[in-house]
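This is what each chain is made of:
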Amino acid sequence: SDSIKQISEQGYFPERKINQQIDDYIKEHYAEKLTLEEMAKFFQYEYSYFSKMFRKLKGVTFRKYLNNFRLEKAEKLIRTSSLKCSEIAFEVGYQM
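Residues numbered from 1 in each chain as written. Predicted model: local features only at pLDDT ≥ 70, side-chain atom pairs only at ≥ 80, totals over all residues. Heavy atoms only, no water.

Caption draft 1: Up close: unusual backbone geometry. Here the phi dihedral of Gln44 falls at roughly 60°; this positive angle occurs in a residue that is not glycine. By the secondary structure assignment, Gln44 is in the loop between α3 (36-42) and α4 (47-58). (Helix = DSSP H or I, 4+ residues; strand = E, 2+ residues; numbered from the N terminus.)

Put into structure tokens, the structure is as follows:
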């Protein structure tokens, strides 16, 4: 078990590594005008390959994944802040 953990930490499972990197990137940029094209360029992949890989890793399309992520953030803000709905929408990346 320790050897598996060590192997995964060293990056021998590239799908796990890119999956975590995608999560980190989305967490950092979800409030911006984020596109799959931008992410593919950032990770230095051809667009169509990255699109297929994203769907394979996440089980949904990029747009659906991003919208779900933004909705979860919006739901949290609705419960924990006094911001107006329009302000929350802007905060989580929905441009008016």
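Caption draft 2: View of the packing of aromatic side chains. Under the definition given, this model contains ten aromatic pairs. Judged by centre distance (5.6 Å) and plane angle (25°), the rings of Tyr45 and Tyr49 are stacked. Classification of Tyr45 by relative accessible area gives partly exposed; the value is 31%. A ring pair is formed by Phe54 and Tyr65, whose centres lie 5.5 Å apart and whose planes are at 80°; its orientation type is edge-to-face. Of this pair, Phe54 sits in helix α4 while Tyr65 sits in helix α5 (residues 62-80), and the two are eleven residues apart along the sequence. Taken together, the aromatic side chains of Tyr25, Phe42, Phe43, Tyr45, Tyr49, Phe50, Phe54, Phe62 and Tyr65 make up a single cluster linked through ring pairs. Just above the ring of Tyr94 sits the side chain of Arg70; from NZ or CZ to the centre is 5.5 Å. (Phe/Tyr/Trp six-rings, centres within 6.5 Å; stacked < 30°, edge-to-face > 60°. Buried < 20%, exposed > 50% of the residue type's maximum accessible area, 1.4 Å probe, protein only. Lys NZ or Arg CZ within 6 Å of the ring centre and 35° of its normal.)

From the geometry alone we can't say anything about function, so treat these as descriptive.
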